[in-house]
Amino acid sequence: MVQEFCRNLQEFLTAHGIPDWLVVFIISVCPILECRLGMFTAIVLLQMNPFVGFIISFLGNILPIPFILLLINWIFDLLKKVPGINKFVYWLEDKTLKKRDKYGIWGLLIFVAIPLPGTGGWTGALLASLLHLDKKKSFFVISLGVFIAGLIMTVLSLVVGNAVFN
């Protein structure tokens, strides 16, 4: 199902004249898809050089992270003023702050580095903001987590992806 979505997205973008490197970048910049599916698309679907695919996926995945780290608390502050939504924002903050002392920055690294749906750079940046972690440290740790996840996905795409999907 996921590979079918990636293939359809890749074919759509390619049919509209988008070069392969930009297809990988666009997929990697998207929340949920991120470098996990960017690597799959680069290596399995587009048969790109794994090193080139990795660099493009990594850069695409970390591009939105500083913006999320810098702006999400401002957005939450705005949402706290909206009746109905404010309760959810306060609940989310309370729930995550309880985990800060238990997991902290290393928990963030592990969370982002595990290449599962919903555990990427976007969610890591959101989590870091909710936990009120230092933004510079968070960016470094999230980037390292994306790097590790990208390496894992590169190996999986090379070994499993090419064997199963080609």
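Residues numbered from 1 in each chain as written. Predicted model: local features only at pLDDT ≥ 70, side-chain atom pairs only at ≥ 80, totals over all residues. Heavy atoms only, no water.

## Concerning the nonpolar core
Of all hydrophobic cores here, the largest spans 39 residues; its most connected members are L108, I142 and V146. Where this core is concerned, the elements lending two or more residues are α1 (2–15), α2 (20–29), α3 (34–45), α4 (50–62), α5 (65–79), α6 (85–113), α7 (121–130) and α8 (135–165). Top contributing element to this core by residue count: α3, with 8 residues. (Core = buried A, V, L, I, M, F, W, Y, C linked by side-chain atoms within 4.5 Å. Buried < 20%, exposed > 50% of the residue type's maximum accessible area, 1.4 Å probe, protein only. Helix = DSSP H or I, 4+ residues; strand = E, 2+ residues; numbered from the N terminus.)

## Digging into a positive patch on the surface
Together, K95, K98, K99 and K102 line one region of the surface with positive charge. Considering the arrangement of structural elements, one finds K102 in helix α6. Using a relative accessible area of 62% as the deciding quantity, one classes K102 as exposed. (Patch = residues over 30% accessible without salt bridge, like charges linked within 9 Å, V, L, I, M, F, W, Y side chains within 5 Å. Areas by Shrake-Rupley, 256 points an atom, 1.4 Å probe, with all protein chains shown as cover. Salt bridge = Lys/Arg side-chain N within 4 Å of Asp/Glu carboxyl O. Lys, Arg positive; Asp, Glu negative; His and termini not counted. Charge placed at Lys NZ, Arg CZ, Asp CG, Glu CD.)

## Let's talk about the packing of α3 against α4
Angle between the axes and distance between the axes are the two parameters that describe a pair of packed helices. Packing of α3 against α4 brings their axes to within 9 Å, and their N-to-C directions diverge by 155°. Judged by the inter-axis angle, α3 sits roughly antiparallel to α4. Helix-helix and strand crossings are classified by hand; for α3 and α4 the assignment is right-handed. Here E34, C35, R36, G38, M39, A42 and I43 of α3 lie close against α4, whose contacting residues are P50, G53, F54, S57 and N61. (Axes fitted to C-alpha atoms, helices over the stretch in contact; angles between N-to-C directions. Parallel < 35°, antiparallel > 145°, perpendicular 65-115°, else oblique. Left-handed = near helix turned anticlockwise from the far one by under 90°. Contact = heavy atoms within 4.5 Å.)

## Quick notes on the confidence of the model for the protein chain
The pLDDT averaged across the protein chain works out to 90; a share of 95% of its residues lies at or above 70. Mean pLDDT across the secondary structure elements of the protein chain bottoms out at α1, with 84, and peaks at α4, with 96. (pLDDT = per-residue confidence, 0-100.)

## Observations concerning unusual backbone geometry
Even without being glycine, I32 reaches a positive phi, approximately 75°. By the element assignment, I32 lies in the loop between α2 and α3. In this structure, E34 takes a positive phi of about 45° despite not being glycine. For E34, a relative accessible area of 2% translates into the label buried.

## Side note on the packing of aromatic side chains
Any two aromatic rings considered together are summarised by their centre-to-centre distance and by the angle between their planes. This model, assessed by the stated rule, comprises 4 aromatic pairs. Geometrically, the ring pair formed by F58 and F147 is edge-to-face, given 5.9 Å between the ring centres and 90° between the ring planes. One end of the pair, F58, is in helix α4; the other, F147, is in helix α8, and 89 residues separate them in sequence. On the basis of relative accessibility, which here comes to 18%, the residue F58 falls in the buried class. By way of ring pairs, the aromatic residues F54, F58 and F147 are connected into one cluster. (Phe/Tyr/Trp six-rings, centres within 6.5 Å; stacked < 30°, edge-to-face > 60°.)

## Quick look at the environment of I62
Relative to the elements of secondary structure, I62 occurs in helix α4. Dropping the residues within four chain positions of it, I62 is found in contact with F139, S143 and V146.

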